[in-house]
Amino acid sequence: FAIATAAAVAAAGGSVRTRVSATGMAGAGAPRVSRDASQTVTIAPAEGTPHTATVIGPIHGLGDTNMGWADAAMHIHSQLPHVKFVLPNAPVVPVTLNGGMAMPSWYDITSLDDRTVQPCAGIEESRATVTALIEAEVAAGLAHDRIVVGGFS
């Protein structure tokens, strides 16, 4: 199972070093793994397995990508095969805090000082991205109380 899963992610345009074993997927088939044009990775329940909840995330932090969390999402999915995981990718933008270096970032961080007064350029676009993912799940028939959004930074 682990090789098929890694191959599915690689075929979808990425790579993942998965440590998921077949024992965690008792009775379930392999999850459906895809990657769209925005590089969002989706780990969906196997064909024939009911989709009863979605986790949008884990959403990655500054400088990381969704592939940094693909292993964790695959492991959790192995224990909760009815849950769909949607792992978005932050755009690559210059980050003022890091000397203007372009890197995956949900918004421009200007300093580590009082962040309440920072402009946070790009944060509204990131909010819109996550909101669109939530709306897509609701449009597909999932109730709001069956959608979890989470991340790490």
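Below is a summary of the structure that appears in this document. For every chain, the first residue of its written sequence is number 1, and the numbers climb from 1 along that sequence. pLDDT decides what is reported in this predicted model: residues at 70 or higher carry local features, side-chain atom pairs at 80 or more are listed and counted, and totals for whole chains, interfaces and linings draw on all residues regardless. Neither water nor hydrogens contribute to the side-chain values; these are computed over all heavy atoms in the structure.

### A closer look at unusual backbone geometry
Here is step 1: For the peptide bond that leads from Gly57 to Pro58, omega is 5°, which places it in the cis range.
Here is step 2: Secondary structure elements follow DSSP: runs of H or I no shorter than four residues count as helices, runs of E no shorter than two count as strands, and numbering proceeds from the N terminus. Along the polypeptide, Pro58 turns up in strand E3 (residues 53–59).
Here is step 3: Its identity as a non-glycine residue notwithstanding, Gln39 has a phi of 75°, on the positive side.
Here is step 4: Positionally, Gln39 belongs in the loop between strand E1 (32–35) and strand E2 (41–44).

### Here's the deal with the sheet that holds E3
Here is step 1: Any two strands with at least two DSSP bridges between them are considered paired. The 5 strands lie next to each other as E1-E2-E4-E3-E7, forming an open sheet whose pairing is mixed. In this open sheet, the two strands that pair with only one neighbour each are E1 and strand E7 (147–151). Neighbour-to-neighbour, the strand axes of this sheet turn through a mean angle of 15°, independent of strand direction.
Here is step 2: Sitting on the sheet, helix H2 (residues 70–79) touches E1, E2, E3 and strand E4 (83–87), and the angle it makes with E4 is about 175°.
Here is step 3: The contact criterion used is simple: two residues touch if any of their non-hydrogen atoms lie within 4.5 Å. In this analysis, axes come from line fits to C-alpha atoms, helices being fitted only over the stretch in contact, and the angle between any two N-to-C directions falls in the range 0 to 180 degrees. Strands in contact with helix H3 (residues 123–139) are E3, E4 and E7; relative to E7, the strand with the most contacts, it is inclined by about 155°.

### Observations regarding the side chain of Asn89
Here is step 1: Tracing the sequence through the fold places Asn89 in the loop between E4 and strand E5 (92–95).
Here is step 2: Polar contacts, as used here, are pairs of N or O atoms within 3.5 Å; protein pairs need one atom able to donate a hydrogen and one able to accept it. Residues neighboring in sequence count only if both atoms are side-chain atoms. A polar contact is formed between the side chain of Asn89 and the side chain of His60, at a distance of 3.4 Å.
Here is step 3: Here Asn66 takes part through its backbone nitrogen, which lies 2.9 Å from a polar atom of the side chain of Asn89.
Here is step 4: Aside from chain neighbours lying at most four places away, what touches Asn89 is Arg35, Ser38, Gln39, Thr40, His60, Thr65, Asn66 and Trp106.

### Observations regarding the pattern of salt bridges
Here is step 1: For this analysis, a salt bridge means a side-chain nitrogen from Lys or Arg found within 4 Å of a carboxyl oxygen belonging to Asp or Glu. Tallied over the full model, the rule gives 2 salt bridges.
Here is step 2: Close ionic contact of Lys84 with Glu137 constitutes a salt bridge, the shortest N to O distance being 2.8 Å. Residue Lys84 is located in strand E4, and its partner Glu137 is located in helix H3; the two are separated by 53 residues in the primary sequence. Just as Lys84 is buried, Glu137 falls in that class too.
Here is step 3: Glu124 serves as the salt-bridge partner of Arg127, at 2.8 Å between the closest nitrogen and oxygen. Here Arg127 and its partner Glu124 are both found in helix H3, 3 residues apart, which amounts to about one turn of the helix.
Here is step 4: For every residue, the accessible area obtained with a 1.4 Å probe (protein chains only) is divided by the maximum for its type, and the residue is called buried under 20%, exposed over 50%, and partly exposed between those limits. In this structure Glu124 comes out as partly exposed when scored by relative accessible area, which is 47%.

### Quick look at H3
Here is step 1: With 17 residues, H3 extends 24 Å between its outermost C-alpha atoms, agreeing within 8% with the 24 Å of an ideal straight helix rising 1.5 Å per residue.
Here is step 2: Those residues of H3 that sit buried are Ser126, Val130, Leu133 and Glu137. Viewed along the axis of H3, the buried residues span an arc of 50°, placing them on a single side of the element. Residues of H3 that are exposed and angled more than 90 degrees away from the buried face: Glu125, Glu135 and Ala139.
Here is step 3: Gly141 occupies a position one or two residues after H3 and carries a positive phi of about 105°. Take the residue count of a helix, subtract one, and multiply by 1.5 Å to get its expected span. Regarding the arc, it is the one traced by the directions from the helix axis to the C-beta atoms.

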